[in-house]
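Reading the structure
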Amino acid sequence: MRFLLASLALGVAACQAPDEPECGAGCSDAPAMDGGVIGGLDFTDIPDWRAVDPEDVLVIETRTGVVYVELADQFAPNHAARMRQAARDGFYDGREFYRVIDGFVVQGGRGEEENSEVLPQYPALAAELAVASDSVTFTAMQDRDLYAPEVGHVDGFAVGRDGDQTWMLHCLGTMAMARDNDADSADVEFFIVIGHAPRYLDRNTTVFGRVLEGMDHIQAIRRGDAAVNSGVIADPAGRDPIVSMRVAADLPVDEQPRFEVMDTRGEAFFNAKDASRNRTHEWFINTPPPVIEACRMPAPVRRASGD
């Protein structure tokens, strides 16, 4: 086995935290726009949304429903390719989410059958912990961060940057690969973050995707006991199955999910960040400081029109 080191709603509108802002290009609280320029940034010809390639979408069927994950080839091409290969091999079908720690991660893969000759064997992967900054288009958050000199987004993925290196963050819904102590020992043991962002894992495990839809099904997976065998669920009957894992592009065309992610370079996302950063709702007794964490600002996702 490879391991890796909300507001409370009370039921009535008058007794709950205010809704998260959904502030797009027409938000009244957004800075004024002059032509294609807003806040000194030029958003001319940048679309509000980008289409997600079905080749980059994993379709994971769980006990309670389907989860969709976007793969990040621009950050971890070999890990993304491994997930496609293993999914197409049917490796995960009938496997289990065997290690589940509340507030941390759900993990699936080989489990205790790590050396089983019955399961397909894959060569170990070299870690893909960061990429050259000039190989991606980075949009800064402009907020302080405890773990990186700069944070922001690339193609909807939350990232950190330090000069010539850029890497993906371990936010809620992040999908990454577990490994042994050897940095280059990962194979098919994946985990998905289900709790507060464990940012100390940044640049220590390879992040290769994030959940687009179905996080409620991941959160519904039965938990283990973190104090007993590091969260491994001893009784197989108490584990949730990975019913199947597929690549969306392999499904019949009329069954392929079509997703769009808000373009994090554009005006709509700029305004959404501004609305989340500046919380002036009358519900607040004390106005929060005008800052926001990168993991607290996931790029919005929607189904494409007609899907």
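Residues numbered from 1 in each chain as written. Predicted model: local features only at pLDDT ≥ 70, side-chain atom pairs only at ≥ 80, totals over all residues. Heavy atoms only, no water.

Confidence in the prediction of the chain, expressed as mean pLDDT, is 88, and 85% of residues score 70 or more. Low pLDDT, under 50, characterises residues 5–15; the predicted model gives this stretch seven contacts beyond four residues in sequence or across chains. Note on residues 22–35: pLDDT is under 50 here. Beyond four places in sequence and across chains, it has 21 contacts. (pLDDT = per-residue confidence, 0-100. Contact = heavy atoms within 4.5 Å.)

Moving on, we come to helix α3 (residues 267–277). In an α-helix, one turn spans 3.6 residues, which is why side chains three or four residues apart end up on the same side. For α3, the tally of buried residues reaches eleven of eleven residues, placing the bulk of the element in the interior. Of all the positions in α3, only Glu-267, Ala-268, Phe-269, Phe-270, Asn-271, Ala-272, Lys-273, Asp-274, Ala-275, Ser-276 and Arg-277 are classed as buried. (Buried < 20%, exposed > 50% of the residue type's maximum accessible area, 1.4 Å probe, protein only. Helix = DSSP H or I, 4+ residues; strand = E, 2+ residues; numbered from the N terminus.)

To continue, consider helix α1 (residues 77–88). Taking 1.5 Å of rise per residue, twelve residues should cover 16 Å, and α1 covers 16 Å from first to last C-alpha, within 8% of that figure. Count one or two residues on from α1 and you reach Gly-90, which has phi positive near 75°. (Expected span 1.5 Å × (residues − 1).)

What follows deals with a nonpolar patch on the surface. A grouping of Leu-146, Tyr-147 and Tyr-200 is seen on the molecular surface, where their side chains present a nonpolar patch of about 410 Å² in accessible area. If you trace the backbone, Leu-146 turns up in the loop between β10 (139–140) and β11 (150–154). (Patch = residues over 30% accessible without salt bridge, like charges linked within 9 Å, V, L, I, M, F, W, Y side chains within 5 Å. Areas by Shrake-Rupley, 256 points an atom, 1.4 Å probe, with all protein chains shown as cover. Salt bridge = Lys/Arg side-chain N within 4 Å of Asp/Glu carboxyl O.)

Here the focus is unusual backbone geometry. Of note in this structure, Asp-45 is not a glycine but carries a positive phi near 70°. Within the fold, Asp-45 resides in the loop between β3 (41–42) and β4 (49–51). Judged by relative accessible area, which is 78%, Asp-45 ranks as exposed. At Gln-142, a residue that is not glycine, the phi angle is positive and equals roughly 65°. Looking at the secondary structure, you find Gln-142 in the loop between β10 and β11.

On to the sheet that holds strand β6 (residues 66–71). Paired through their backbone hydrogen bonds, the strands of a sheet run either parallel or antiparallel. Read from one edge of the open sheet, nine strands run β17-β7-β8-β15-β14-β16-β6-β5-β18, paired in antiparallel fashion. Every other strand in the sheet has two partners, leaving β17 (240–241) and β18 (244–247) as the edge strands with one partner each. Here strand β5 (residues 57–61) runs beside β18; their pairing, made up of four bridges, is antiparallel. Within β18, the position partnered with Ile-60 by the bridge is Met-245. (Pairing = 2+ DSSP bridges.)

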